[in-house]
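A closer look at the structure
Okay, here's what each chain looks like letter by letter:
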Amino acid sequence: MPTITSQQTRMDAYLAELRTHLRSLPHEQMLDIVEEIRSHIRDTAAADGAMTEASLNAALHRLGPASALAATYLTENLLARAERTRSPWLFLKSSLHWASLSVQGFFVFLGALIGYSLATAFSFCALAKPLNPHRVGLWRIDADSFSLHLGLSRSLPTPPGHEVLGWWITPLGLVVAMILVLLTTEIGLRTIRRFQRARMHFAH
Amino acid sequence: MAVRVIPAPEPIDKWEVQLRKGCLELAILAALWSERLYGLEIMRRLADGSNLIVPEGTVYPLLSRLKAEGLLSSEWVEADAGHPRKYYRLTAVGRRRVVEMARFWENFSASLDDLLAPVRKDAR
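Residues numbered from 1 in each chain as written. Chains lettered and ligands numbered in written order. Predicted model: local features only at pLDDT ≥ 70, side-chain atom pairs only at ≥ 80, totals over all residues. Heavy atoms only, no water.

So, the overall build of chain B
Heads up, the rule is: The way it works is that DSSP assigns letters per residue, a run of H or I at least four long becomes a helix, a run of E at least two long becomes a strand, and they are numbered from the N terminus. As defined in this context, the radius of gyration uses C-alpha atoms, and a globule is described by 2.2 Å times the residue total to the power 0.38. Between buried and exposed lies partly exposed: a residue is buried under 20% and exposed over 50% of the maximum accessible area for its type, with that area taken using a 1.4 Å probe on protein chains only. By definition, residues are in contact when any of their heavy atoms lie within 4.5 Å. Here the open area of atoms and residues is found with the Shrake-Rupley method and a 1.4 Å probe, where only the protein chains shown may cover a residue.
The number of helices and strands found in chain B is 4 helices and 3 strands. Shown N-terminal to C-terminal, the secondary structure of chain B runs as helices and strands in the order α-β-α-α-β-β-α. Against the compact-globule benchmark of 14 Å for 124 residues, chain B has a radius of gyration of 19 Å, which places it well outside the compact range. Judged by the C-alpha coordinates and their principal axes, chain B covers about 70 × 30 × 30 Å. Residues classed as buried in chain B amount to 35% of the 124 residues present. Partitioning the contacts of chain B with sequence separation of at least 6, the portion at a separation of at least 24 is 48%. As presented, chain B carries roughly 8,000 Å² of accessible surface, and 57% of it is formed by carbon and sulfur atoms.

This is how it looks when you write it as structure tokens:
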């Protein structure tokens, strides 16, 4: 027959899993969340005195799997922090962790990675132009095709075709990079908010 | 000839769920207007006061966000139950937000009431 100690062990295991999934949050905040959920489980599972196997099962069932609960915390936390700071680094870091917890998170992370990588490529082109002007820029190969070159070494051959933007690649590259960062963050936040709404269920 | 596909109307219960979701933040902030409460008390208050039965897995992370946004503050209090509980209260910013939200809600529901008046009259 399960003992009170075994219920305690199961509760601790649930909280340990929650703690593991919340590791990307600041340490103090993570501890605060875990203790709040511990307090909640004690209140709901031991409402009539001792914590039984059935009451603990019911309490944990209502909370949902630790990974799903952690994912909701991370998403809410990400929304609050990213909306406040609009920091791409913070958004990418949090979405990476969310990606390990859900399929939606994976696609948001993938989208963010592509958006920010393109922005980085444009920024590099913009900043490298003064260093190696004949090998960095946008080249027109033929009537329909263009090629963006980032030649950092002076020993590289000059790209074929005709250079299109010249020195304009620097301001335009920076503007395009900035727009890409803003768009990626904005679309990422909106997507998360939509997924977050879809996760919430209400009983009647 | 182009065929226009008309999507089936959403069932009424789905619409209700969407409506309740939209009101959750306001309901939580309003529940904390006159006193501090801990998570489970907030859920009971929502269930008793407005029939909003919300899963724990939704409310706790939402409380955490409202706190991160500076609308709520929290404190741990030793309870008779033998373990501490985390109580939430509205901050000054939170109080201002509820007032704004309540004002918007009143205007919105009043204008919706005007629109609904003929529907109610004919449905009787």
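What to know about the sheet that holds strand E1 (residues 136-140) of chain A
The line we're drawing: We treat two strands as partners when DSSP finds at least two bridges between them.
The 3 strands are arranged E2-E1-E3 (chain A) in an open sheet whose pairing can be described as antiparallel. Looking at strand neighbours, the two that pair on one side only are strand E2 (146-150) and strand E3 (162-163) of chain A, the edges of this open sheet.

Quick look at the nonpolar core
Short version of the rule: Take the buried residues of types Ala, Val, Leu, Ile, Met, Phe, Trp, Tyr and Cys, join any two whose side-chain atoms come within 4.5 Å, and each joined set is a nonpolar core.
If you look at the biggest cluster of nonpolar residues, it comprises 49 residues, and the most contacted ones within it are Tyr14(A), Leu22(A), Ile37(A), Ile41(A), Ile28(B) and Leu46(B). Dropping the residues within four chain positions of it, Tyr14(A) is found in contact with Ile37(A), Ile41(A), Leu60(A), Leu63(A), Gly64(A), Pro65(A), Ala66(A) and Leu69(A). Residues Leu79(A), Leu92(A), Val108(A) and Leu189(A) belong to the second largest nonpolar core, which totals 14 residues.

So, helix H2 (residues 39-50) of chain B
Residues and elements named next belong to chain B. We apply this condition: The span one expects for a helix is its residue count, reduced by one, times 1.5 Å. The arc under discussion is defined with respect to the helix axis, by the directions toward the C-beta atoms.
When the terminal C-alpha atoms of H2 are compared, their 16 Å separation across 12 residues agrees well with the 16 Å that a helix rising 1.5 Å per residue should span. Taken together, the buried positions of H2 are occupied by Gly39, Leu40, Ile42, Met43 and Leu46. One face of H2 carries all of its buried residues, which in axial projection span an arc of 165 degrees. When the buried face of H2 is taken as reference, the exposed residues oriented beyond 90 degrees from it are Asp48 and Gly49. Just downstream of H2 lies Asn51, where phi reads positive at about 60 degrees.

Some thoughts on the interface of chain A and chain B
It is common to give the size of an interface as the accessible area lost on bringing the parts into contact. Put simply, the rule is: Salt bridge, as used here, is a side-chain nitrogen of Lys or Arg placed within 4 Å of a carboxyl oxygen of Asp or Glu. Charged residues are taken to be Asp, Glu, Lys and Arg, nonpolar residues to be Ala, Val, Leu, Ile, Met, Phe, Trp, Tyr, Cys and Pro, and polar residues to be all remaining types, Gly included.
Contacts between the two partners involve 27 residues from chain A and, on the opposite side, 31 residues from chain B. The salt bridge partner of Lys67(B) is Asp32(A), with a shortest N-O separation of 3.7 Å. Of all the secondary structure elements, the ones that give two or more residues to the side of chain A that touches chain B are helix H2 (27-45), helix H3 (53-63), helix H4 (66-85) and helix H7 (169-199) of chain A. For the side of chain A that touches chain B, the residue count by class is 11 nonpolar, 7 polar and 9 charged.

Observations concerning the environment of Tyr116(A)
All names here are of chain A. As a reminder of what qualifies: Polar contact criterion, stated in full: a pair of N or O atoms within 3.5 Å, where within protein one must be able to donate a hydrogen and the other to accept it, and residues adjacent in sequence count only if both atoms are side-chain atoms.
Relative to the helices and strands, Tyr116 is located in helix H6 (residues 103-128). Note: C-alpha distance between Tyr116 and Val164 (48 residues apart in sequence) is 24 Å. Here Tyr116 is in contact with Pro88, Phe91, Leu92, Val181, Thr184 and Thr185, once residues within four sequence places are set aside. Here Thr185 takes part through its side chain, which lies 2.7 Å from a polar atom of the side chain of Tyr116.

What about the packing of H2(A) against helix H3 (residues 56-68) of chain B?
Heads up, the rule is: In this analysis, axes come from line fits to C-alpha atoms, helices being fitted only over the stretch in contact, and the angle between any two N-to-C directions falls in the range 0 to 180 degrees. Crossings are classed by handedness, with left-handed meaning an anticlockwise turn of the near helix from the far one by less than a right angle and right-handed meaning a clockwise turn.
Axis separation between H2(A) and H3(B) bottoms out at 12 Å; the angle between their running directions is 145 degrees. Between H2(A) and H3(B) lies a crossing whose hand is right-handed. Where H2(A) approaches H3(B), its residues Gln29(A), Asp32(A), Ile33(A), Glu36(A), Ile37(A) and His40(A) are matched on the opposing element by Glu56(B), Tyr60(B), Ser64(B) and Lys67(B). Looking at the contact of H2(A) with H3(B) residue by residue, the class counts come to 3 nonpolar, 3 polar and 4 charged.

A look at the sheet that holds strand E3 (residues 84-90) of chain B
All names here are of chain B. Within the open sheet, the 3 strands sit side by side as E1-E3-E2. Their pairing is antiparallel. Because the sheet does not close on itself, it has two edges, and the strands there are strand E1 (37-38) and strand E2 (72-78). In terms of strand pairing, E1 meets E3 through 2 bridges, oriented antiparallel. By the bridge assignment, Tyr38 is partnered in E3 with Tyr87. Strands in contact with H3 are E2 and E3; relative to E2, the strand with the most contacts, it is inclined by about 120 degrees.

A look at the side chain of Glu56(B)
Here Glu56(B) lies in helix H3. Among the polar contacts made by the side chain of Glu56(B), one reaches the side chain of His40(A) at a distance of 3.2 Å. Here Glu56(B) is in contact with His40(A), Arg62(A), Leu63(A), Met43(B) and Pro61(B), once residues within four sequence places are set aside.

What to know about the pairing of E1(A)
Consecutive side chains along a regular strand alternate between the two faces of the sheet. Residues and elements named next belong to chain A. Sheet topology note: the E1/E2 ladder contains 5 bridges and is antiparallel. When the bridges of E2 are listed, Arg140 appears paired with Phe146. From the end of E1 to the start of E2, which pair antiparallel, there are 5 residues. For E1 and E3, the ladder comprises 2 bridges, and the chain directions are antiparallel. The partner of Arg140 across the bridge, within E3, is His162.

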